[in-house]
Amino acid sequence: MSLQEETSPQRAGQAAEESAAPAKRTGVRWKLFVLLLVLVTVNYVDRGSISVALPIIQKEFNLTPELVGLLLSAFFWTYALMQVPVGWLIDRFGPRKVVTASCIGWGAATAASGLAGGFLSMFIARMGIGITEAGVMPAGGKLNAIWMHSKERGRGATILDAGAPLGAGVGGILITGLIAAFGGWRMAFIIAGIATAVLGIFIWWYVRDNPRQHRAVNDAEAEYIEASHRAEDEEAKASGSTSRRGLLPYLRFRSFWAMCLGWLGFNGVFYGLLTWGPLYLAQAKHFNLNTIGWSTFVIFGAGFVGEILGGTLADRLRAKGYGTNLVMRSLLGASSVIVTAGLVGVTIVGDPIAAVVLLSVVLFFLRWVGLFWAVPATLGGRTNAGVLGGAMNLSGNIAGFVTPIAVGFIVGATGGYTGALLYFVGSAIIMGASVLVLDYSKRLPV
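Residues numbered from 1 in each chain as written. Predicted model: local features only at pLDDT ≥ 70, side-chain atom pairs only at ≥ 80, totals over all residues. Heavy atoms only, no water.

Asker: In this structure, what is going on with a nonpolar patch on the surface? I would like to understand it.
Answerer: Together, Leu 248, Leu 251, Trp 257, Leu 261 and Ile 430 make up an exposed nonpolar region whose accessible area comes to about 480 Å². Mapped onto the fold, Trp 257 is located in helix H12 (residues 254-283). (Patch = residues over 30% accessible without salt bridge, like charges linked within 9 Å, V, L, I, M, F, W, Y side chains within 5 Å. Areas by Shrake-Rupley, 256 points an atom, 1.4 Å probe, with all protein chains shown as cover. Salt bridge = Lys/Arg side-chain N within 4 Å of Asp/Glu carboxyl O. Helix = DSSP H or I, 4+ residues; strand = E, 2+ residues; numbered from the N terminus.)

Asker: Whenever I open this one, the pattern of salt bridges confuses me. Can you help?
Answerer: Pairing is possible between side chains of opposite charge, provided their charged atoms come close. What the rule picks out here adds up to 11 salt bridges. Lys 142 is paired through a salt bridge with Asp 91; the nearest N and O atoms lie 2.7 Å apart. In this pair, Lys 142 is assigned in helix H7 (residues 136-147) and Asp 91 in helix H4 (residues 83-93), connecting sequence segments 51 residues apart. Asp 91 matches Lys 142 in its accessibility class, with the two residues each being buried. Between Arg 230 and Glu 223 there is a salt bridge whose closest N-O contact spans 2.4 Å. Residue classification places Arg 230 among the partly exposed residues on the basis of a relative accessible area of 40%. Here the salt bridges do not stand alone but share partners, grouping Arg 29, Glu 152 and Glu 221 into one network. (Buried < 20%, exposed > 50% of the residue type's maximum accessible area, 1.4 Å probe, protein only.)

Asker: Would you explain helix H15 (residues 352-366) in this entry?
Answerer: Count 3.6 residues to each turn of an α-helix, and residues three or four apart come out pointing the same way. Its 15 residues give H15 an end-to-end C-alpha distance of 21 Å, which sits within 8% of 21 Å, the value for a rise of 1.5 Å per residue. Within H15 the residues assigned to the buried category are Ala 355, Val 356, Leu 359, Ser 360, Val 362, Leu 363, Phe 365 and Leu 366. Turning to H15, the residues buried within the fold contact H12, helix H13 (289-319), helix H14 (324-348) and helix H17 (418-437). The N-cap residue of H15 is Asp 351: its side-chain oxygen and the backbone nitrogen of Ile 353 are 3.2 Å apart. (Expected span 1.5 Å × (residues − 1). Contact = heavy atoms within 4.5 Å. Polar contact = N/O pair within 3.5 Å; in protein donor to acceptor, adjacent residues only side chain to side chain.)

The following block contains the structure:
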(Lines give C-alpha, C1' and ligand atoms only; values in the text may rest on other atoms or scores of the structure.)
Protein backbone atom coordinates (compact mmCIF):
# COMPACT_ATOMS: atom_id res chain seq x y z
CA MET A 1 0.00 0.00 0.00
CA SER A 2 1.38 3.39 -0.96
CA LEU A 3 1.93 6.24 1.45
CA GLN A 4 -0.78 8.17 -0.37
CA GLU A 5 -3.24 5.32 0.11
CA GLU A 6 -2.38 5.16 3.82
CA THR A 7 -2.81 8.86 4.42
CA SER A 8 -5.88 9.50 2.29
CA PRO A 9 -8.35 8.04 4.82
CA GLN A 10 -6.59 9.97 7.57
CA ARG A 11 -6.91 13.19 5.60
CA ALA A 12 -10.55 12.49 4.90
CA GLY A 13 -11.14 11.93 8.60
CA GLN A 14 -9.36 15.17 9.48
CA ALA A 15 -11.40 17.05 6.90
CA ALA A 16 -14.60 15.62 8.32
CA GLU A 17 -13.56 16.64 11.84
CA GLU A 18 -12.69 20.15 10.66
CA SER A 19 -16.01 20.53 8.87
CA ALA A 20 -17.80 19.30 11.98
CA ALA A 21 -15.89 21.67 14.28
CA PRO A 22 -17.99 24.57 15.52
CA ALA A 23 -17.43 27.87 13.74
CA LYS A 24 -15.62 30.58 15.62
CA ARG A 25 -17.96 33.24 17.00
CA THR A 26 -18.03 36.56 15.21
CA GLY A 27 -17.57 39.67 17.34
CA VAL A 28 -20.23 41.95 15.91
CA ARG A 29 -21.61 42.75 19.37
CA TRP A 30 -18.30 44.37 20.30
CA LYS A 31 -18.16 46.36 17.06
CA LEU A 32 -21.71 47.53 17.74
CA PHE A 33 -20.73 48.76 21.18
CA VAL A 34 -17.66 50.53 19.84
CA LEU A 35 -20.05 52.34 17.50
CA LEU A 36 -22.27 53.19 20.49
CA LEU A 37 -19.16 54.48 22.26
CA VAL A 38 -18.56 56.81 19.30
CA LEU A 39 -22.23 57.84 19.37
CA VAL A 40 -22.22 58.72 23.07
CA THR A 41 -18.88 60.49 22.64
CA VAL A 42 -20.40 62.73 19.97
CA ASN A 43 -23.45 63.12 22.20
CA TYR A 44 -21.32 64.59 24.97
CA VAL A 45 -19.24 66.70 22.60
CA ASP A 46 -22.47 68.39 21.52
CA ARG A 47 -23.96 68.44 25.01
CA GLY A 48 -20.86 69.93 26.62
CA SER A 49 -19.94 72.33 23.82
CA ILE A 50 -21.75 75.21 25.49
CA SER A 51 -19.73 74.74 28.69
CA VAL A 52 -16.44 74.99 26.81
CA ALA A 53 -17.59 78.08 24.90
CA LEU A 54 -19.32 79.59 27.92
CA PRO A 55 -16.63 82.13 28.89
CA ILE A 56 -17.15 83.68 25.43
CA ILE A 57 -20.95 83.27 25.34
CA GLN A 58 -21.32 84.73 28.84
CA LYS A 59 -19.56 87.92 27.76
CA GLU A 60 -21.36 88.13 24.40
CA PHE A 61 -24.82 87.70 25.95
CA ASN A 62 -23.91 89.63 29.16
CA LEU A 63 -25.10 86.84 31.48
CA THR A 64 -25.05 86.86 35.28
CA PRO A 65 -24.04 83.65 37.15
CA GLU A 66 -27.73 82.97 37.86
CA LEU A 67 -28.62 83.20 34.15
CA VAL A 68 -25.62 81.03 33.28
CA GLY A 69 -26.94 78.35 35.65
CA LEU A 70 -30.41 78.60 34.12
CA LEU A 71 -29.00 78.32 30.59
CA LEU A 72 -26.91 75.29 31.52
CA SER A 73 -29.97 73.62 33.02
CA ALA A 74 -32.19 74.11 29.94
CA PHE A 75 -30.96 70.93 28.27
CA PHE A 76 -31.70 68.82 31.34
CA TRP A 77 -35.30 69.98 31.79
CA THR A 78 -36.53 68.43 28.59
CA TYR A 79 -33.96 65.60 28.62
CA ALA A 80 -35.21 64.44 32.02
CA LEU A 81 -38.91 64.78 31.17
CA MET A 82 -38.48 62.65 28.04
CA GLN A 83 -36.74 59.72 29.73
CA VAL A 84 -39.72 57.58 30.74
CA PRO A 85 -41.71 58.26 27.53
CA VAL A 86 -38.70 57.47 25.37
CA GLY A 87 -38.03 54.32 27.40
CA TRP A 88 -41.56 53.17 26.58
CA LEU A 89 -40.98 53.97 22.89
CA ILE A 90 -37.78 51.90 22.91
CA ASP A 91 -39.55 48.88 24.42
CA ARG A 92 -42.43 49.32 21.97
CA PHE A 93 -40.66 50.12 18.67
CA GLY A 94 -37.08 48.98 19.26
CA PRO A 95 -33.86 50.90 19.99
CA ARG A 96 -32.71 51.20 16.36
CA LYS A 97 -35.51 53.55 15.27
CA VAL A 98 -35.36 55.63 18.42
CA VAL A 99 -31.59 56.10 18.48
CA THR A 100 -31.46 57.01 14.77
CA ALA A 101 -34.20 59.64 15.10
CA SER A 102 -32.52 60.94 18.24
CA CYS A 103 -29.14 61.31 16.56
CA ILE A 104 -30.41 63.19 13.51
CA GLY A 105 -32.66 65.38 15.65
CA TRP A 106 -30.01 66.48 18.12
CA GLY A 107 -27.61 67.19 15.27
CA ALA A 108 -30.13 69.64 13.83
CA ALA A 109 -30.75 71.21 17.24
CA THR A 110 -27.02 71.62 17.90
CA ALA A 111 -26.56 73.37 14.55
CA ALA A 112 -29.54 75.61 15.37
CA SER A 113 -27.93 76.62 18.67
CA GLY A 114 -25.11 78.15 16.65
CA LEU A 115 -27.63 80.64 15.26
CA ALA A 116 -28.87 81.83 18.67
CA GLY A 117 -29.02 85.59 19.04
CA GLY A 118 -29.36 85.83 22.80
CA PHE A 119 -30.29 84.10 26.03
CA LEU A 120 -33.86 83.14 25.06
CA SER A 121 -33.10 81.62 21.67
CA MET A 122 -30.11 79.72 23.08
CA PHE A 123 -32.30 78.49 25.95
CA ILE A 124 -34.88 77.15 23.46
CA ALA A 125 -32.18 75.51 21.32
CA ARG A 126 -30.72 73.79 24.38
CA MET A 127 -34.18 72.49 25.31
CA GLY A 128 -34.43 71.09 21.78
CA ILE A 129 -31.13 69.27 22.20
CA GLY A 130 -32.47 67.80 25.45
CA ILE A 131 -35.61 66.45 23.77
CA THR A 132 -33.75 64.87 20.88
CA GLU A 133 -30.85 63.38 22.86
CA ALA A 134 -33.15 61.70 25.37
CA GLY A 135 -33.31 58.33 23.63
CA VAL A 136 -29.60 57.58 23.33
CA MET A 137 -28.68 56.16 26.73
CA PRO A 138 -31.89 54.17 27.39
CA ALA A 139 -31.57 52.71 23.89
CA GLY A 140 -27.98 51.76 24.69
CA GLY A 141 -29.12 50.04 27.86
CA LYS A 142 -31.72 48.10 25.86
CA LEU A 143 -29.11 47.07 23.28
CA ASN A 144 -26.87 45.89 26.12
CA ALA A 145 -29.68 43.61 27.27
CA ILE A 146 -30.34 42.32 23.73
CA TRP A 147 -26.83 41.96 22.34
CA MET A 148 -24.59 41.07 25.29
CA HIS A 149 -24.18 37.79 27.12
CA SER A 150 -24.96 38.26 30.80
CA LYS A 151 -21.26 37.79 31.61
CA GLU A 152 -20.32 40.68 29.32
CA ARG A 153 -22.81 43.33 30.35
CA GLY A 154 -20.48 45.08 32.75
CA ARG A 155 -18.11 45.81 29.87
CA GLY A 156 -21.04 46.59 27.59
CA ALA A 157 -22.42 49.10 30.07
CA THR A 158 -19.12 50.86 30.63
CA ILE A 159 -18.15 50.90 26.93
CA LEU A 160 -21.50 52.59 26.27
CA ASP A 161 -21.24 55.05 29.14
CA ALA A 162 -17.52 55.75 28.67
CA GLY A 163 -18.49 57.99 25.76
CA ALA A 164 -19.63 60.56 28.33
CA PRO A 165 -16.21 61.41 29.79
CA LEU A 166 -14.51 60.78 26.45
CA GLY A 167 -16.88 63.21 24.72
CA ALA A 168 -16.43 65.77 27.46
CA GLY A 169 -12.66 65.48 27.19
CA VAL A 170 -12.41 65.39 23.39
CA GLY A 171 -15.05 68.11 23.16
CA GLY A 172 -12.88 70.45 25.20
CA ILE A 173 -10.12 70.26 22.59
CA LEU A 174 -12.38 69.92 19.55
CA ILE A 175 -14.67 72.86 20.31
CA THR A 176 -11.83 75.16 21.36
CA GLY A 177 -10.01 74.15 18.15
CA LEU A 178 -13.05 74.91 16.00
CA ILE A 179 -13.56 78.23 17.79
CA ALA A 180 -9.93 79.15 17.09
CA ALA A 181 -10.14 77.96 13.46
CA PHE A 182 -13.35 79.87 12.63
CA GLY A 183 -12.90 82.83 14.94
CA GLY A 184 -16.05 82.19 16.98
CA TRP A 185 -18.27 79.64 18.68
CA ARG A 186 -21.20 79.72 16.24
CA MET A 187 -19.56 77.87 13.34
CA ALA A 188 -18.14 75.33 15.82
CA PHE A 189 -21.70 74.43 16.89
CA ILE A 190 -22.99 74.28 13.30
CA ILE A 191 -20.20 71.94 12.15
CA ALA A 192 -20.67 69.68 15.17
CA GLY A 193 -24.41 69.47 14.46
CA ILE A 194 -23.99 68.53 10.80
CA ALA A 195 -21.45 65.80 11.69
CA THR A 196 -23.90 64.37 14.23
CA ALA A 197 -26.75 64.12 11.71
CA VAL A 198 -24.46 62.25 9.30
CA LEU A 199 -23.59 59.82 12.10
CA GLY A 200 -27.31 59.15 12.58
CA ILE A 201 -27.56 57.84 9.01
CA PHE A 202 -24.68 55.43 9.69
CA ILE A 203 -26.36 54.26 12.90
CA TRP A 204 -29.47 53.29 10.94
CA TRP A 205 -27.34 51.34 8.44
CA TYR A 206 -25.40 49.33 11.03
CA VAL A 207 -27.50 48.85 14.17
CA ARG A 208 -30.12 46.08 14.44
CA ASP A 209 -32.64 45.31 17.17
CA ASN A 210 -31.74 41.60 17.17
CA PRO A 211 -28.41 39.84 16.52
CA ARG A 212 -30.11 37.45 14.06
CA GLN A 213 -31.09 40.45 11.92
CA HIS A 214 -27.47 41.57 11.42
CA ARG A 215 -25.87 40.27 8.23
CA ALA A 216 -22.42 39.92 9.82
CA VAL A 217 -23.46 37.85 12.86
CA ASN A 218 -22.85 34.12 12.41
CA ASP A 219 -24.84 31.33 14.06
CA ALA A 220 -22.18 30.78 16.73
CA GLU A 221 -22.37 34.34 18.01
CA ALA A 222 -26.16 34.44 17.86
CA GLU A 223 -26.43 31.13 19.71
CA TYR A 224 -23.96 32.31 22.36
CA ILE A 225 -26.10 35.38 23.08
CA GLU A 226 -29.39 33.48 22.90
CA ALA A 227 -28.17 30.80 25.33
CA SER A 228 -27.72 33.55 27.93
CA HIS A 229 -31.20 34.89 27.11
CA ARG A 230 -32.77 31.44 27.54
CA ALA A 231 -31.22 31.05 30.97
CA GLU A 232 -32.54 34.47 31.99
CA ASP A 233 -35.98 33.70 30.57
CA GLU A 234 -36.19 30.46 32.55
CA GLU A 235 -35.33 32.37 35.72
CA ALA A 236 -37.93 35.01 34.83
CA LYS A 237 -40.61 32.33 34.25
CA ALA A 238 -39.83 30.83 37.64
CA SER A 239 -40.49 34.22 39.24
CA GLY A 240 -43.52 34.91 37.04
CA SER A 241 -42.00 38.04 35.44
CA THR A 242 -41.86 37.67 31.67
CA SER A 243 -44.20 40.26 30.15
CA ARG A 244 -43.78 43.94 29.37
CA ARG A 245 -44.65 46.07 32.37
CA GLY A 246 -45.13 49.75 33.03
CA LEU A 247 -43.12 51.59 35.62
CA LEU A 248 -45.57 51.50 38.55
CA PRO A 249 -44.98 47.89 39.68
CA TYR A 250 -41.30 48.63 40.27
CA LEU A 251 -41.90 51.52 42.64
CA ARG A 252 -42.33 49.23 45.66
CA PHE A 253 -38.81 47.79 45.50
CA ARG A 254 -35.77 49.12 47.36
CA SER A 255 -33.43 48.22 44.49
CA PHE A 256 -35.42 50.36 42.07
CA TRP A 257 -35.05 53.42 44.29
CA ALA A 258 -31.39 52.64 45.02
CA MET A 259 -30.78 52.52 41.26
CA CYS A 260 -32.47 55.88 40.75
CA LEU A 261 -30.87 57.64 43.74
CA GLY A 262 -27.45 56.24 42.94
CA TRP A 263 -27.67 57.64 39.42
CA LEU A 264 -28.98 60.95 40.77
CA GLY A 265 -26.00 61.29 43.12
CA PHE A 266 -23.57 60.26 40.39
CA ASN A 267 -24.92 62.88 37.99
CA GLY A 268 -24.93 65.55 40.68
CA VAL A 269 -21.15 65.26 40.58
CA PHE A 270 -20.62 64.53 36.88
CA TYR A 271 -22.99 67.12 35.42
CA GLY A 272 -21.80 69.69 37.92
CA LEU A 273 -18.23 69.28 36.69
CA LEU A 274 -19.33 69.00 33.07
CA THR A 275 -21.34 72.22 33.09
CA TRP A 276 -19.43 74.42 35.54
CA GLY A 277 -15.96 72.86 35.34
CA PRO A 278 -14.66 75.07 32.51
CA LEU A 279 -15.89 78.27 34.22
CA TYR A 280 -14.37 77.06 37.51
CA LEU A 281 -11.01 76.67 35.77
CA ALA A 282 -11.37 80.07 34.09
CA GLN A 283 -12.55 82.06 37.10
CA ALA A 284 -11.08 80.27 40.12
CA LYS A 285 -7.83 79.05 38.56
CA HIS A 286 -7.44 81.77 35.87
CA PHE A 287 -6.92 79.39 32.92
CA ASN A 288 -7.16 80.72 29.37
CA LEU A 289 -9.37 79.07 26.72
CA ASN A 290 -6.62 76.82 25.36
CA THR A 291 -5.57 75.66 28.84
CA ILE A 292 -9.22 75.01 29.72
CA GLY A 293 -9.53 72.76 26.66
CA TRP A 294 -6.50 70.64 27.54
CA SER A 295 -7.33 70.52 31.26
CA THR A 296 -10.85 69.35 30.42
CA PHE A 297 -9.35 66.67 28.17
CA VAL A 298 -7.08 65.41 30.97
CA ILE A 299 -9.82 65.42 33.63
CA PHE A 300 -12.51 63.72 31.57
CA GLY A 301 -10.00 61.54 29.73
CA ALA A 302 -9.13 60.05 33.13
CA GLY A 303 -12.83 59.32 33.53
CA PHE A 304 -12.88 57.46 30.21
CA VAL A 305 -9.92 55.27 31.17
CA GLY A 306 -11.39 54.63 34.62
CA GLU A 307 -14.74 53.59 33.22
CA ILE A 308 -13.29 51.07 30.75
CA LEU A 309 -11.05 49.58 33.44
CA GLY A 310 -13.89 49.47 35.96
CA GLY A 311 -16.16 47.51 33.61
CA THR A 312 -13.38 45.08 32.68
CA LEU A 313 -12.47 44.54 36.33
CA ALA A 314 -16.09 43.87 37.30
CA ASP A 315 -16.58 41.24 34.58
CA ARG A 316 -13.28 39.52 35.36
CA LEU A 317 -14.06 39.29 39.07
CA ARG A 318 -17.47 37.79 38.30
CA ALA A 319 -15.85 35.34 35.88
CA LYS A 320 -13.58 34.17 38.72
CA GLY A 321 -16.64 33.22 40.72
CA TYR A 322 -17.11 36.20 43.01
CA GLY A 323 -20.76 37.05 43.63
CA THR A 324 -22.34 39.91 41.71
CA ASN A 325 -23.31 41.82 44.85
CA LEU A 326 -19.83 41.44 46.35
CA VAL A 327 -18.17 42.68 43.17
CA MET A 328 -20.50 45.61 42.53
CA ARG A 329 -20.79 46.82 46.11
CA SER A 330 -17.04 46.56 46.68
CA LEU A 331 -16.03 48.37 43.50
CA LEU A 332 -18.70 51.06 43.60
CA GLY A 333 -18.44 51.55 47.35
CA ALA A 334 -14.68 52.09 47.09
CA SER A 335 -15.14 54.47 44.17
CA SER A 336 -17.66 56.52 46.16
CA VAL A 337 -15.25 56.93 49.09
CA ILE A 338 -12.41 58.04 46.79
CA VAL A 339 -14.66 60.46 44.88
CA THR A 340 -15.87 62.06 48.13
CA ALA A 341 -12.34 62.40 49.50
CA GLY A 342 -11.06 63.82 46.21
CA LEU A 343 -13.75 66.49 46.08
CA VAL A 344 -13.00 67.52 49.66
CA GLY A 345 -9.36 67.78 48.62
CA VAL A 346 -10.21 70.14 45.74
CA THR A 347 -11.80 72.56 48.21
CA ILE A 348 -8.56 72.67 50.18
CA VAL A 349 -5.77 72.87 47.58
CA GLY A 350 -4.92 76.21 46.02
CA ASP A 351 -2.50 75.13 43.32
CA PRO A 352 -4.22 74.91 39.88
CA ILE A 353 -2.24 71.83 38.77
CA ALA A 354 -3.06 70.02 42.01
CA ALA A 355 -6.74 70.80 41.47
CA VAL A 356 -6.61 69.32 37.95
CA VAL A 357 -4.86 66.18 39.28
CA LEU A 358 -7.44 65.71 42.03
CA LEU A 359 -10.34 66.24 39.63
CA SER A 360 -8.78 63.65 37.31
CA VAL A 361 -8.68 61.14 40.18
CA VAL A 362 -12.32 62.00 41.00
CA LEU A 363 -13.43 61.37 37.41
CA PHE A 364 -11.38 58.14 37.14
CA PHE A 365 -13.26 56.53 40.02
CA LEU A 366 -16.58 58.32 39.56
CA ARG A 367 -17.04 56.76 36.13
CA TRP A 368 -16.95 53.24 37.59
CA VAL A 369 -20.59 53.91 38.40
CA GLY A 370 -21.22 53.63 34.65
CA LEU A 371 -21.70 49.94 35.55
CA PHE A 372 -25.21 51.08 36.48
CA TRP A 373 -26.20 50.80 32.80
CA ALA A 374 -26.26 47.02 33.31
CA VAL A 375 -28.74 47.38 36.19
CA PRO A 376 -31.98 48.03 34.20
CA ALA A 377 -31.48 44.76 32.31
CA THR A 378 -30.82 42.95 35.60
CA LEU A 379 -33.86 44.32 37.42
CA GLY A 380 -36.32 44.30 34.51
CA GLY A 381 -34.91 41.85 31.96
CA ARG A 382 -34.71 42.55 28.24
CA THR A 383 -38.45 43.19 28.04
CA ASN A 384 -38.50 46.11 30.48
CA ALA A 385 -34.91 47.37 30.23
CA GLY A 386 -36.00 50.42 28.23
CA VAL A 387 -38.53 51.79 30.69
CA LEU A 388 -36.27 51.09 33.69
CA GLY A 389 -33.32 52.70 31.91
CA GLY A 390 -35.52 55.70 31.24
CA ALA A 391 -36.55 55.92 34.89
CA MET A 392 -32.94 55.68 36.02
CA ASN A 393 -31.86 58.37 33.59
CA LEU A 394 -34.81 60.57 34.61
CA SER A 395 -33.52 60.49 38.18
CA GLY A 396 -29.99 61.28 37.06
CA ASN A 397 -31.13 64.20 35.01
CA ILE A 398 -33.18 65.68 37.80
CA ALA A 399 -29.71 66.29 39.20
CA GLY A 400 -28.84 67.52 35.72
CA PHE A 401 -31.21 70.46 35.76
CA VAL A 402 -31.06 71.18 39.52
CA THR A 403 -27.27 71.19 39.78
CA PRO A 404 -26.38 73.96 37.27
CA ILE A 405 -29.02 76.25 38.78
CA ALA A 406 -27.95 75.47 42.36
CA VAL A 407 -24.29 76.05 41.54
CA GLY A 408 -25.18 79.31 39.78
CA PHE A 409 -26.92 80.61 42.89
CA ILE A 410 -24.11 79.40 45.16
CA VAL A 411 -21.43 81.08 43.05
CA GLY A 412 -23.53 84.23 42.69
CA ALA A 413 -24.18 84.44 46.44
CA THR A 414 -20.70 83.55 47.70
CA GLY A 415 -18.50 84.79 44.87
CA GLY A 416 -16.54 81.51 44.93
CA TYR A 417 -16.70 77.79 44.20
CA THR A 418 -16.12 76.19 47.62
CA GLY A 419 -19.85 75.89 48.31
CA ALA A 420 -20.40 74.35 44.88
CA LEU A 421 -17.72 71.73 45.51
CA LEU A 422 -19.34 70.87 48.85
CA TYR A 423 -22.63 70.44 46.96
CA PHE A 424 -20.81 67.83 44.83
CA VAL A 425 -19.57 66.13 48.02
CA GLY A 426 -23.17 65.76 49.19
CA SER A 427 -24.11 64.20 45.85
CA ALA A 428 -21.24 61.72 46.17
CA ILE A 429 -22.46 60.68 49.61
CA ILE A 430 -25.96 59.97 48.21
CA MET A 431 -24.33 57.92 45.45
CA GLY A 432 -22.23 55.95 47.95
CA ALA A 433 -25.18 55.03 50.17
CA SER A 434 -27.25 53.90 47.19
CA VAL A 435 -24.65 51.65 45.56
CA LEU A 436 -24.29 49.73 48.82
CA VAL A 437 -27.98 48.85 49.28
CA LEU A 438 -28.87 47.92 45.67
CA ASP A 439 -29.29 44.19 44.96
CA TYR A 440 -27.46 43.59 41.66
CA SER A 441 -28.04 39.83 41.57
CA LYS A 442 -31.65 39.19 40.54
CA ARG A 443 -34.61 40.35 38.51
CA LEU A 444 -37.42 42.06 40.39
CA PRO A 445 -40.55 39.88 40.67
CA VAL A 446 -43.11 42.03 38.80
